[in-house]
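# Observations on chain architecture
Chain residues, written in single-letter form:
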Amino acid sequence: MKISLNWLKDFIDISISAEQVSEILTDIGLEVEKVMEVETVPGGLSGLVIGEVVSAEKHPDADRLKITEVNVGEEELSVIVCGAPNVAAGQKVVVALPGTTIYPTNGESFKIKKSKIRGVESEGMICAEDEIGLGQSHDGIMVLDKNVSIGMSAAKFFGVENDVVFEIGLTPNRADAMSHYGVARDLMAAFKHKGILPKTTSVCMHSVDPFIVDNTALTIPVEVQNTDACPRYASVSLTGVKVQDSPKWMKDRLNAIGVRPINNVVDVTNYVLHELGQPLHAFDADIVGNKVIVGNVDEDTSFVTLDETERKLSKEDLMIQNAEGGMCIAGVFGGISSGVSQKTTNVFLESAYFDPVSVRKTAKRHGLSTDASFRFERGIDPNITVRALKRAALLIKEVAGGEISSEISDIRSKEFTPFRFNINVNRVNQLIGVSIPDDEMCQLLNNLEIETKAQGDGLYEVTVPPYRVDVQREADIAEEVLRIYGFNNVPIPEKLNSSITHRAKLDKEKVQHLVSDYLVDNGLVEAMSNSLTKSSYTNILDLKDVKQDFEVRMLNPLSSDLDVLRQSLLFGCLEAVQLNQNHGNEDVRLFEFGKIYQKFSSGYTERNVLSIVISGRNEPESWNSSHSMSSFYTLKGIVEAVLGKLGVLKNFGYSEVSSNQFDEGLEMTIAKKKVVRLGLLHGKLKKQFDLRNQVFYAEFDWDNVLELLGMNKVKFKELNKFPAVTRDLSMLIDKSITFEQLSLSANKAAGKLLKNVSLFDVYEGKNLPDGKKSYAMRFVLHDESKTLKEQEIEKSMSSIQSALEKDFNIQLR
């Protein structure tokens, strides 16, 4: 939100600098994100002066040039060579002297220098309006009124008004500060507390006392059918207005805060919106007809809005209608046919209070966000409706002429009363962290237009105006007191109190940081994606764990891309891979800790997950790198390394994953708990996200991993005195047999002596029978109580060989 300093000065006397105002605004909770200097004319006409042409003689060496002598208020006349056809002696003109930077309407700015033109030294420039940013004409120099004082600054003559604009990052709860008047109220409270202004000072508002009904020639009755969605609707009619450009002062104010001027009537509604925070709408009264109806329409009624878009209305949408149909989506957007145009002479002016929930749902339903809906959604001041209407009517009379041709119609279905509740000042002081005397606290609240009434024993009844919809309880009062008292005025305690509490052995955050550090140290980058995602992802593949039936949907989604909570981290990871690829980074190694959400008949579930995604090369491209591409085994190595780092990679097993998520995938189980699924992602996913390289993905059930950590017992074990023995077997086996099957069979046959089984060579190809492959396996035998004898070793290896021959019909090579 942009706030003009000059506009603020209409409400409050500001004698301090813009920088100081910015600091105070931030201190009181209206954080200033940017301070901008705004010039109504580029450059502010700085350095330009009014001069008088004393003489104008033809240049001896150029037919189209004249040598002029110009009086700019200095002792010596300035000699200026001018090419304008209309320059003549006795004229008052705008002069740019050497050193002045001018800003043309079209083109880049440049600095005026002394220069020789056809042998004559020129000491400046006599300006046309387009040369100094005041217009488009270049037919000749600007000739001013003869009574203008010589030497006067051009900025003063043309009434150039420079401004400072504050860009405020307004929090959603501060609906009361969505206008210059609202910001001025807060500034006034701060100024009083700091002693910048007397405590008796109040915010100045433009008087609406001059509002007088000229006649009742255009009284248009109003019927409010839905009083829940529209508790208050005020209107008035004006006749004989002339629609044209707004005056310069109004256009300057609107341009300063980034609002594009349209015409004088529409500009008045925008002006009052940003001045008082009350959205208004102006209709062409001749199109309105004999009656205005505020109510709902039938489902799927067509309506064309100002952006020339045809929209299908919901029966829940509140509409402003005439006898023929809709004219405006109430509080959101106007219609294309009923607004003010250059042909309009009679105006029906609306000022209303619409229900925030109704407006928000309608705006979201149609994907619209306007200045009006932004304010109505958060809750405007319901008691400023008529005042804003009168202010707008008076401004229209001022800038567009015409007469007020009806009494004000003010239809309200309820009274908007202040919020009343009790507070305990001792509890407020505890929340703040400093003891503020009762009198001072009451004064701070009174400065914010919050009334206080003592009840005894530190209790006060507070009366909060209806426009402060965010102040409903004692904690809110503490916040209001503190932001005006000053957060920086709360002392930092010199004493720190703490208590010793029992802490569970497993520190989940420490474990997560341990794994994160390990993955980063090994070349992965942590990613963070939104918990909200698009429901359309669910339909890409028929995934048994990710289904529409399990979705947790948003009741009021921001957009169709953020309408459900994620059931997997997969799609966020794929978006990240796609983003990296589109920015030229083909080599992606990412991990993310996050939550997934699902809904079942038994209720909602929320689980912690760790995802890892890799694609592209294993190492950055370099002359000494291996140039190897990421593979399933790259991912499997990372997964097992993570679990090994945590000390839970024991007695684990793999099984094939039956899921459309993977072309090839495995699921690891430890102690009967499903720990992680990993594999090469399905080609359909790769195609959906337009990915060029293969993508490998793993998703840990982090809650199960943490449970395994709780079961993991760390024990001291003395270094063994007796050596281990290794034996190798090379065998021919069927291609369908896996290493996992062979390992389990060997462990069962050898018993406790077999400590480890590994696969160190695999061969498939020439010189082997069809359907066969060659494995070379290493077996480590160890007895912790003695040195193994050759007979014991041979007996164990014989048992292993027999078991493998029996179970898998292996052939030793």
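The present account deals with the structure reproduced in this document. Because the structure is predicted, anything quoted here is derived from the model rather than measured. (Residues numbered from 1 in each chain as written. Predicted model: local features only at pLDDT ≥ 70, side-chain atom pairs only at ≥ 80, totals over all residues. Heavy atoms only, no water.)

### Things to note about the packing of aromatic side chains
For clarity, the cut-off: Only centres within 6.5 Å qualify two rings of Phe, Tyr or Trp (six-membered ring in Trp) as a pair; their planes then separate them into stacked at under 30 degrees, edge-to-face at over 60, and tilted for everything else. Strands are runs of DSSP state E lasting at least two residues, helices are runs of H or I lasting at least four, and both sets are numbered from the N terminus onward. The cut-offs for exposure are 20% and 50% of the maximum accessible area for each residue type, with area from a 1.4 Å probe on protein chains only; residues under the lower value are buried, those over the upper are exposed, and the others partly exposed. Either the NZ atom of lysine or the CZ atom of arginine qualifies as a charge over a ring when it sits within 6 Å of the ring centre and within 35 degrees of the ring normal.
Within this structure, the stated rule accounts for 13 aromatic pairs. Plain terms: the ring middles of Tyr537 and Phe571 are 4.8 Å apart, the flat faces sit at 15° to each other, and that makes the pair stacked. Pair noted here: Tyr537 is in the loop between β29 (532-533) and β30 (552-553) and Phe571 is in helix α15 (residues 570-582), with a separation of 34 residues, a long-range link. In terms of burial, Tyr537 and Phe571 fall into one category: buried. Pairing Phe593 with Trp702 gives two aromatic rings, centres 5.1 Å apart and planes at 75°, and the pair type is edge-to-face. Here Trp702 lies in helix α18 (residues 702-711) and Phe593 lies in strand β32 (residues 588-600), a separation of 109 residues in the sequence. Residue classification places Trp702 among the buried residues on the basis of a relative accessible area of 2%. Following the ring pairs from residue to residue traces out a cluster consisting of Trp7, Trp249 and Tyr271. One cation-aromatic arrangement involves Arg378 over Phe374; the distance from NZ or CZ to the ring centre is 3.9 Å. The ring of Phe760 has Arg778 lying over it, and the distance from NZ or CZ to the ring centre is 4.5 Å.

### A look at the packing of helix α6 (residues 264-276) against helix α10 (residues 385-400)
Stated formally: For helices, the fitted axis covers only the stretch in contact; all axes are lines through C-alpha atoms, and the angles between them, taken along N-to-C directions, range from 0 to 180 degrees. Reported orientations rely on four angle classes, namely roughly parallel under 35 degrees, roughly antiparallel over 145, roughly perpendicular from 65 to 115, and oblique for the rest. Crossing handedness follows the turn of the near helix against the far one: under a right angle anticlockwise gives a left-handed crossing, and clockwise gives a right-handed one. The contact criterion used throughout is that any non-hydrogen atoms of two residues lie within 4.5 Å.
Contact geometry for α6 and α10: axes closest at 9 Å, N-to-C directions at 140°. Viewed along their axes, α6 and α10 adopt a mutual orientation that is oblique. As α6 runs across α10, the sense of the crossing is right-handed. For the pair formed by α6 and α10, the contact residues are Asn264, Val265, Val268, Tyr271, Val272, Glu275 and Leu276 on the first element and Ala388, Arg391, Ala392, Leu395, Ile396, Val399 and Ala400 on the second.

### Some points on the sheet that holds β29
One key point about sheets: their strands pair by backbone hydrogen bonds, in either a parallel or an antiparallel sense. Short version of the rule: Here, strands pair whenever DSSP counts at least two bridges between them.
Read from one edge of the open sheet, three strands run β29-β31-β30, paired in antiparallel fashion. This sheet does not close on itself; its edge strands, each paired only once, are β29 and β30. Bridge analysis of β30 against strand β31 (residues 564-565) gives two bridges, and the strand direction is antiparallel. Opposite Arg553, over in β31, you have Val564 as the bridge partner.

### Topic: the nonpolar core
The nonpolar side chains of soluble globular proteins are, as a tendency, buried together. Going by this rule: As used here, the term nonpolar core means buried Ala, Val, Leu, Ile, Met, Phe, Trp, Tyr and Cys residues forming a set that is joined through side-chain atoms within 4.5 Å.
Grouped together as the largest cluster of nonpolar side chains are 88 residues, with contacts concentrated most on Ile14, Leu25, Phe166, Ile168, Leu187, Ile432 and Ile477. Of all the elements, α10 adds the most residues to this core, at ten residues. Setting aside its immediate chain neighbours within four residues, Leu25 contacts Leu30, Glu31, Val32, Phe166, Ile168, Val183 and Leu187. The next biggest cluster of nonpolar side chains, apart from the first, holds 35 residues, and it includes Ile220, Leu313, Leu318 and Phe354.

### Some remarks on helix α11 (residues 425-432)
To keep it simple, the criterion reads: Throughout, the arc means that of the directions going from the helix axis to the C-beta atoms. Whenever two N or O atoms come within 3.5 Å, that pair is a polar contact, provided that in protein one can donate a hydrogen and the other can accept it, and provided that, for residues adjacent in sequence, both atoms are side-chain atoms.
Buried within α11 are the following residues: Val425, Val428, Asn429 and Ile432. In a view along the axis of α11, the buried residues occupy a sector of 100°, so they form one face of it. Exposed side chains of α11 directed beyond 90 degrees from the buried face belong to Gln430 and Leu431. Residues of α11 that are buried in the fold lie against β25 (419-424), α12 (438-447), β27 (459-464) and α13 (474-485). Taking the backbone nitrogen of Asn426 as reference, a side-chain oxygen 2.8 Å away marks Asn424 as the first, capping residue of α11. Trailing α11 by a residue or two, Gly433 shows a phi angle of about 100°, which is positive.

### Notes on the sheet that holds strand β26 (residues 451-456)
Spatial ordering of the open sheet is given by β25-β27-β26, a layout of three strands whose pairing is antiparallel. A strand with exactly one partner marks an edge of an open sheet, and here the two such strands are β25 and β26. This sheet shows a mean twist of 25° between the axes of neighbouring strands, independent of strand direction. The pairing of β26 with β27 spans five bridges and is antiparallel. Bridge assignment links Ala454 to a residue of β27, and that residue is Tyr460. Its contacts with the sheet place α12 against β26 and β27, and it is angled at close to 150° to β26.

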